[in-house]
Amino acid sequence: NLQAYTQTDYLKKPKKGTDSTLYYFLKISILCLLWYCSSAANSITLKKCLKIFPYPLTLTCVQLLGCATFTAPLMKFIRLAGAFRIAKGVIITGILPLCIGKISALFFATVSISNIPVSYSNTVKASLPLFSVIFSRLLLGQRHSFPIYVSLLVIMVGVVISSFTEILFDFFGLISALLSTISTALLSTYSKKSMKDNNLHHLKMLYFVSCCSFVLMFPLWAVTDATSLLSFDFSKIEADKSVSLIPSIMVISLTNFLQNVAAFGLLSLVTPVSYAVANCSKRVFVIGMSLVLLRNPVTYLNICGMVTAITGVGLYNKFKFEEMRRERELNALPTHVSAGMAPPTPTGPPPYLPRAVPALGPHVPPRGPYVPPRGPHAPSLQNHATSVFPPHNNYLRVTS
């Protein structure tokens, strides 16, 4: 049926109102700007706060509690159905594994910022594609093209150059940044699977992951940092006029919530490749803002290493996009008609053409209705199941 291949059935018309192209572009732009600014503000404020308040575990718990506290009214504001109800099986199979990744990623990121500069920590975190490729190869059995491995090599070279030329280098901070990057790679991979399998809204998943992570970390905080805070001298913080503790903690909680909401919202609107490109741009923005505001001492080789690592991430995103496009072209089926394309040619014999009798030649129908012969010499029709075809000796033209 050729009507199934008409363009009107498959070409989507642009919608009006909230689904227009301009609104879509503005939404993505606002989310990217919010993500970049909140990430830079979180990293810089966290770095300043850790100088006067060296308790990474406490600040990690504060960020988790703040994320859950701010997410609850947001879900009520958008009237999310079933926002605070979740099955026990989903918590065990979908939420708890994410809690482990969330705790380790956030805690090790806080520890790395407390030991190394923000610019160097974000340079190390730029190696996220390397661990994503490793985990996809080991866990999912995925293979990648040769240019992708070349881009990963460029990222490694940039991180190594930055490590050897970093003036404020700390080995423990480097290991913490790597562990945070590994946890983030596992978290991003499993979070997509969990949202798809359990049909969870990203705000609902963020709320329950933050709440469960805080509950899991609270006993550890009570054993370690709670006892140390009892003997901590808060008069030193009051003497330091450059940073205020309570406002800094509030800013850290709010910016952590904003960057999580912006990241999840952007991921739900764009493809994973576009999200990776935006994440690469965010690294550049955070590194630049930290160098300007914190005034970390850097060398030309250190800047060269940062640029090399970011360039490797950009090449990885480019090659990954080309690889995914080739896979879509190979696996695509001609199920629709694009603009300017002719309808696909149907295969096989058309159903409306008559078939000729191969042995006796084409059938020659008689003129008028069929009247069987009468008389004593008329042929018998008992062996004929139907009278549609007349006897061959009277009505078939035999060809030699």
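What counts, and at which threshold
For every chain, the first residue of the written sequence is number 1, and numbering continues from 1 along that sequence. Local features in this predicted model are restricted to residues of pLDDT 70 or higher, and side-chain atom pairs are both shown and tallied only at a pLDDT of 80 or more, whereas totals for entire chains, interfaces and linings draw on every residue. The side-chain numbers reported here are obtained from all heavy atoms of the structure, hydrogens and water having been left aside. To qualify as a helix, a DSSP run of H or I must reach at least 4 residues; to qualify as a strand, a run of E must reach at least 2; elements of each kind are numbered from the N terminus. Relative accessibility under 20% of the residue-type maximum defines a buried residue, over 50% an exposed one, and the middle range a partly exposed one, all with a 1.4 Å probe and only protein chains included. We call two residues contacting when some pair of their heavy atoms lies within 4.5 Å. All accessible-area figures derive from a Shrake-Rupley calculation using a 1.4 Å probe, and residue coverage is judged against the displayed protein chains alone. Working convention: axes come from line fits to C-alpha atoms, limited for helices to the stretch in contact. Angles between N-to-C directions cover 0 to 180 degrees. To sort the angles, those under 35 degrees are grouped as roughly parallel, those over 145 as roughly antiparallel, those from 65 to 115 as roughly perpendicular, and the leftovers as oblique. It is the rotation of the near helix from the far one that decides the hand of a crossing: anticlockwise by less than a right angle makes it left-handed, clockwise makes it right-handed. Each residue receives one of three labels: charged for Asp, Glu, Lys and Arg, nonpolar for Ala, Val, Leu, Ile, Met, Phe, Trp, Tyr, Cys and Pro, and polar for the others, Gly being one of them. Pairs of N or O atoms are called polar contacts if they sit within 3.5 Å, as long as, within protein, a hydrogen donor faces a hydrogen acceptor (for residues adjacent in sequence, only side-chain-to-side-chain pairs). To qualify as a nonpolar core, a set must consist of buried Ala, Val, Leu, Ile, Met, Phe, Trp, Tyr and Cys residues joined through side-chain atoms within 4.5 Å. Here the expected span of a helix is defined as 1.5 Å times the quantity of residues minus one. A pair of Phe, Tyr and Trp rings is counted when the ring centres sit within 6.5 Å of each other, with Trp represented by its six-membered ring. The angle between the planes then sorts it: under 30 degrees is stacked, over 60 is edge-to-face, the rest tilted.

Peer 1: For this particular structure, what's the right way to read the overall build of the protein chain?
Peer 2: Secondary structure summary: the protein chain contains 14 helices and zero strands in total. The N-to-C order of helical and strand elements in the protein chain reads α-α-α-α-α-α-α-α-α-α-α-α-α-α. Evaluated residue by residue, the protein chain yields a buried proportion of 40% over its 400 residues. Contacts in the protein chain between residues far apart in sequence, at least 24 positions, make up 86% of those at least 6 positions apart. Carbon together with sulfur atoms contributes 67% to the accessible area of the protein chain, which is approximately 24,500 Å² in total.

Peer 1: How should the packing of helix α2 (residues 56-77) against helix α11 (residues 245-269) be read in this particular structure?
Peer 2: Two elements in contact, α2 and α11, have axes whose closest approach is 8 Å; the angle formed by their N-to-C orientations is 60 degrees. Between α2 and α11, the interaxial angle falls into the category oblique. Helix-helix and strand crossings are classified by hand; for α2 and α11 the assignment is right-handed. Between α2, through L59, V62, Q63, G66, C67, F70, T71 and L74, and α11, the contact on the second element is made entirely by I249, I252, S253, L254, N256, F257, N260 and V261. The class makeup of the residues in the contact of α2 with α11 is 10 nonpolar, six polar and no charged.

Peer 1: How do you make sense of the environment of T69 when you look at a structure like this?
Peer 2: Within the secondary structure layout, T69 lies in helix α2. Assessed through its relative accessible area of 47%, T69 is described here as partly exposed. For the pair T69 and C211, spaced 142 residues apart in sequence, the C-alpha separation works out to 8.8 Å. Only 2.7 Å separates the side chain of T69 from the backbone oxygen of L65, close enough to count as a polar contact.

Peer 1: When you look at the nonpolar core in this model, what are you seeing that I'm missing?
Peer 2: Here is a general trend for soluble globular proteins: nonpolar side chains tend to be buried in one another's company. Formed by 22 residues in total, the largest nonpolar core has its most connected members in I95, M205, Y207 and V209. Looking at this core, the elements with two or more residues in it are α2, α3 (88-115), α7 (171-198), α8 (202-223) and α11. Element by element, the count of residues in this core is highest for α8, at seven residues. In this structure V209 touches I95, L98, C99 and K102, once residues within four positions along its chain are discounted. Among the nonpolar cores identified, the runner-up in size contains 20 residues, and V118, L229, I237 and V243 belong to it.

Peer 1: I'm lost on α2 in this one. Help?
Peer 2: In an α-helix, one turn spans 3.6 residues; hence positions three or four apart end up facing the same way. Taking 1.5 Å per residue, 22 residues should reach 32 Å; α2 reaches 32 Å between its end C-alpha atoms and fits that length. A positive backbone phi angle near 55 degrees is found at R79, which sits one or two residues after α2.

Peer 1: Honestly, the side chain of Q259 in this entry has me stumped. Any pointers?
Peer 2: On the secondary structure map, Q259 appears in helix α11. When neighbours within four sequence positions are excluded, Q259 is seen to be in contact with W35, S38, S39 and N42.

Peer 1: It is not clear to me how the side chain of S162 should be interpreted in this structure. Could you clarify?
Peer 2: In this structure, S162 sits in helix α6 (residues 146-165). Judged by its relative accessible area of 0%, S162 is buried.

Peer 1: Please clarify how the packing of aromatic side chains should be interpreted in this entry.
Peer 2: For any pair of aromatic rings, the description consists of the separation of the ring centres together with the inter-plane angle of the planes. Tallying each qualifying case throughout the model produces 11 aromatic pairs. With a centroid separation of 6.2 Å and 40 degrees between ring planes, the pair formed by W35 and Y36 is classed as tilted. On the accessibility criterion, W35 (3% relative accessible area) is buried. Members of the aromatic cluster, joined through ring pairs, are W35, Y36 and F285.

In short, shape yes, function no, at least from these values alone.
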